[in-house]
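Spelled out, the chains give:
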Amino acid sequence: MEEISRSNESIVNQILDRVRSSARVDLVYGESREMHGKTIIPVALVAYIFGGGSGSGLGPGHNGGTETAMGGGGGGGGTVRVQPVGVLEVTDYETRLVPIFDWTRIVTASITAVGIWMALRTVFRRRR
């Protein structure tokens, strides 16, 4: 049982090491570029989501015998999401954030809101 626990702990530690090695500042702030007397630095939102688990226990032995056998298992997984937010525009006089609008998201949210409004309007009209 202790061996299974160590194996599962090793898996979780490997996942954590991979997340730590990928959590870099250059994911949030990209490489800067010089353009027309301005320095442009891309900015992004980075989200890490991961999980892991393990378990062990006793169960019936092989071939339906009366002996009990020990079993265990574990696993984990995760994802990284990087979404552009805007660019930092740096000049000799000021630094400002120029946002990037995600028009697909805005249009999708608008269509969803109109759809919900129409559905609610229909439901309330039928109740009268």
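Since we're looking at a predicted model, the values are computed, not measured.

Asks: Explanation requested: the pairing of strand 2 (residues 38-60) in the structure shown.
Replies: As a general feature of sheets, a regular strand has side chains that alternate between the two faces. Here strand 1 (residues 33-35) pairs with strand 2 via three bridges, running antiparallel. From the neighbouring strand, Arg-33 faces strand 2, where its bridge partner is Ile-40. With antiparallel pairing between neighbouring strands as the criterion, strand 1 and strand 2 make up a hairpin whose turn holds two residues, including His-36 at a positive phi of roughly 50 degrees. Here 22 bridges tie strand 2 to strand 3 (residues 68-90), and the two strands are oriented antiparallel to one another. Its bridge partner lying in strand 3, Ile-49 is registered against Thr-79.

Asks: Would you explain a nonpolar patch on the surface in this entry?
Replies: Together, Ile-116, Leu-120, Val-123 and Phe-124 make up a nonpolar patch on the protein surface, roughly 380 Å² of accessible area in all. Structurally, the position occupied by Ile-116 is in helix 3 (residues 103-127).

Asks: What am I meant to see in the sheet that holds strand 2 here?
Replies: One key point about sheets: their strands pair by backbone hydrogen bonds, in either a parallel or an antiparallel sense. Strand order across the open sheet formed by four strands is 1-2-3-4, with antiparallel pairing between neighbours. Strands at the two margins of the open sheet, each flanked by one partner only, are strand 1 and strand 4 (95-99). The mean inter-strand angle of the sheet, taken between neighbouring strand axes irrespective of direction, is 35 degrees.

Asks: Mind showing me how you'd approach the environment of His-36 here?
Replies: Note that His-36 resides in the loop between strand 1 and strand 2. Overall, His-36 belongs to the exposed group, its relative accessible area being 79%. Residues His-36 and Thr-91, spaced 55 residues apart in sequence, show a C-alpha to C-alpha distance of 9.8 Å.

Asks: What exactly am I supposed to notice about the packing of aromatic side chains here?
Replies: We describe a pair of aromatic rings using the distance from one ring centre to the other and the angle between the two ring planes. Scanning all chains against the criterion turns up one aromatic pair. Between the aromatic rings of Phe-101 and Trp-103, the centroid separation amounts to 6.0 Å while the plane-to-plane angle is 45 degrees, which identifies the pairing as tilted. The pair formed by Phe-101 and Trp-103 is uniform in burial state, with each residue classed as exposed.

Asks: What should I look at first to understand the pairing of strand 4 in this one?
Replies: Relative to strand 4, strand 3 runs antiparallel, the two being bridged by five bridges. What sits directly across from Glu-89, in strand 4, is Arg-96.

Asks: Where do I start with the side chain of Thr-39 in this structure?
Replies: Considering the arrangement of structural elements, one finds Thr-39 in strand 2. Looking at Thr-39, its side chain comes within polar contact range of the side chain of Glu-34, at 2.8 Å. Once residues lying within four places of it in the same chain are set aside, the contact partners of Thr-39 are Ser-32, Arg-33, Glu-34, Leu-88, Glu-89 and Val-90.

Asks: Is there a simple way to explain the pattern of salt bridges in this structure?
Replies: Should the charged atoms of two oppositely charged side chains come close, the side chains can pair. Inspection of every chain in the model, using the stated rule, returns two salt bridges. The partner of Lys-38 in a salt bridge is Glu-89, and the shortest N-O contact between them spans 3.6 Å. With a gap of 51 residues between them, Lys-38 in strand 2 and Glu-89 in strand 3 connect regions that are remote in the sequence. The partly exposed category is assigned to Lys-38, whose relative accessible area is 31%. Salt-bridge contacts for Arg-96 lead to Glu-89; the nearest nitrogen and oxygen are separated by 2.9 Å. Exposure remark for Arg-96: the relative accessible area of 41% places this residue in the partly exposed category. It is possible to trace a salt-bridge network through shared partners that takes in Lys-38, Glu-89 and Arg-96.

What counts, and where the lines are drawn
- Residues numbered from 1 in each chain as written.
- Predicted model: local features only at pLDDT ≥ 70, side-chain atom pairs only at ≥ 80, totals over all residues.
- Heavy atoms only, no water.
- Pairing = 2+ DSSP bridges.
- Helix = DSSP H or I, 4+ residues; strand = E, 2+ residues; numbered from the N terminus.
- Patch = residues over 30% accessible without salt bridge, like charges linked within 9 Å, V, L, I, M, F, W, Y side chains within 5 Å.
- Areas by Shrake-Rupley, 256 points an atom, 1.4 Å probe, with all protein chains shown as cover.
- Salt bridge = Lys/Arg side-chain N within 4 Å of Asp/Glu carboxyl O.
- Axes fitted to C-alpha atoms, helices over the stretch in contact; angles between N-to-C directions.
- Buried < 20%, exposed > 50% of the residue type's maximum accessible area, 1.4 Å probe, protein only.
- Phe/Tyr/Trp six-rings, centres within 6.5 Å; stacked < 30°, edge-to-face > 60°.
- Polar contact = N/O pair within 3.5 Å; in protein donor to acceptor, adjacent residues only side chain to side chain.
- Contact = heavy atoms within 4.5 Å.

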